[in-house]
Amino acid sequence: MTTVSCAMTLLGIPGDVFFIVVELQNLTGLDTTSIYLTFKKIRVDQTFAELGDDFGVSETTASRLFSKSLLPIVKFVSGLIVWPSAEKIAKLLPIRFRARYGKVKAIIDCLEIKMQKPEDAVKQSLTWSEYKKCNTVKYLVSSTSDGIVNFISNGFGGRTSDAVIVEESRFLDKLVPGCHVMADRGFKHR
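Procedures and definitions
Residues numbered from 1 in each chain as written. Predicted model: local features only at pLDDT ≥ 70, side-chain atom pairs only at ≥ 80, totals over all residues. Heavy atoms only, no water. UniProt positions renumbered as here; feature names shortened; annotations may be inferred. Axes fitted to C-alpha atoms, helices over the stretch in contact; angles between N-to-C directions. Helix = DSSP H or I, 4+ residues; strand = E, 2+ residues; numbered from the N terminus. Parallel < 35°, antiparallel > 145°, perpendicular 65-115°, else oblique. Left-handed = near helix turned anticlockwise from the far one by under 90°. Contact = heavy atoms within 4.5 Å. Nonpolar A, V, L, I, M, F, W, Y, C, P; charged D, E, K, R; others polar. Domains from an automatic or database assignment. Core = buried A, V, L, I, M, F, W, Y, C linked by side-chain atoms within 4.5 Å. Buried < 20%, exposed > 50% of the residue type's maximum accessible area, 1.4 Å probe, protein only. Phe/Tyr/Trp six-rings, centres within 6.5 Å; stacked < 30°, edge-to-face > 60°. Lys NZ or Arg CZ within 6 Å of the ring centre and 35° of its normal.

Looking at an unreviewed UniProt entry, one finds the protein named DDE Tnp4 domain-containing protein, with Photinus pyralis as its source organism. Listed under Cofactor (unreviewed entry) in UniProt, the entry text for the protein is "a divalent metal cation".

This is the structure:
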């Protein structure tokens, strides 16, 4: 299997954007296995034992590769998240959206990711998600209506309400007066 077909199969990365993996290798010095393993962990949230099996390494090695690779990858890809101008958002608005949702500048949702149960009881309480029935970290993710991610917040404990995350994440600072934001019921009363 070629490197590109491996990336497409394991990670769902289309061949025409494979250059991002090559660029990550060049800029971070990470090897291909570390990058693939980290992307797969983020994408499908497999256990480290499963990732170890997939990549032919031990569970401990899979965990170590992920931990070593995550911050350099985050540093690289965070620069790819930009807030487009209102004009650019309007220009790229899908035609079916234009009539009813022409003022929508962002579509938001909170993403919850299961985490290891903290040893500290206070941290357990702050990260407990009643919705997921486990300890989680939550992120506010925003995209334009054509699907481009334009904002990701810092992580919050799973107990934090979606509305509080919107306020504390500085997301509202990105909005211009008169624009609209699409959100689900978790953001009511804001």
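More follows now that the structure is in view.
J.: Outline the packing of helix α3 (residues 32-44) against helix α4 (residues 48-55), supporting the account with residue identities and numerical values.
T.: Running from amino to carboxyl end, α3 crosses α4 at an angle of 140 degrees, the nearest separation of the two axes being 11 Å. Judged on the interaxial angle alone, α4 and α3 are oblique. Like other packed secondary-structure pairs, α3 and α4 cross with a definite hand, here right-handed. Contacts between α3 and α4 involve T33, Y36, L37, K40 and K41 on the former and, on the latter, F48, L51, D54 and F55. A class-by-class count of the residues in the contact of α3 with α4 yields five nonpolar, one polar and three charged.

J.: Hey, could you go over the domain arrangement of the protein for me, with residue numbers and the actual values?
T.: Considered domain by domain, the protein is made up of domain 1 (3-80) and domain 2 (86-183). Placing a centre on the C-alpha atoms of domain 1 and another on those of domain 2 gives a separation of 24 Å.

J.: How would you sum up the nonpolar core? Please name residues and give values.
T.: With 14 residues, the main nonpolar core has V21, I35, L37, F39 and I73 as its most contacted residues. Sorting the residues of this core by element identifies α2 (19-28), α3, α4 and α5 (59-78) as the ones contributing at least two each. Once residues lying within four places of it in the same chain are set aside, the contact partners of I35 are V21, L24, Q25, L30 and I73. Core analysis: the next-biggest nonpolar cluster, separate from the first, contains ten residues, A106, L140, F151 and F156 among them.

J.: Go over the environment of K174 with me, naming the residues and quoting the values.
T.: Following the sequence through the fold, K174 ends up in the loop between α9 (162-168) and β6 (180-182). Apart from residues no more than four positions distant in its own chain, K174 is found in contact with W83 and F151.

J.: Could you give me a rundown of the packing of aromatic side chains, with the residues and numbers involved?
T.: The geometry of an aromatic ring pair is captured by two quantities: the separation of the ring centres and the angle between the planes. On inspection of all chains with the given rule, the structure shows four aromatic pairs. Between the aromatic rings of F151 and F171, the centroid separation amounts to 5.4 Å while the plane-to-plane angle is 65 degrees, which identifies the pairing as edge-to-face. Placement of F151 in strand β4 (residues 149-152) and of F171 in the loop between α9 and β6 is noted, with a sequence separation of 20 residues between them. Each member of the pair, F151 as well as F171, is classed as buried. In this structure an aromatic cluster arises from ring pairing among W83, F151 and F171. Over the ring of F48 we find K41, and its NZ or CZ is 4.6 Å from the ring centre.

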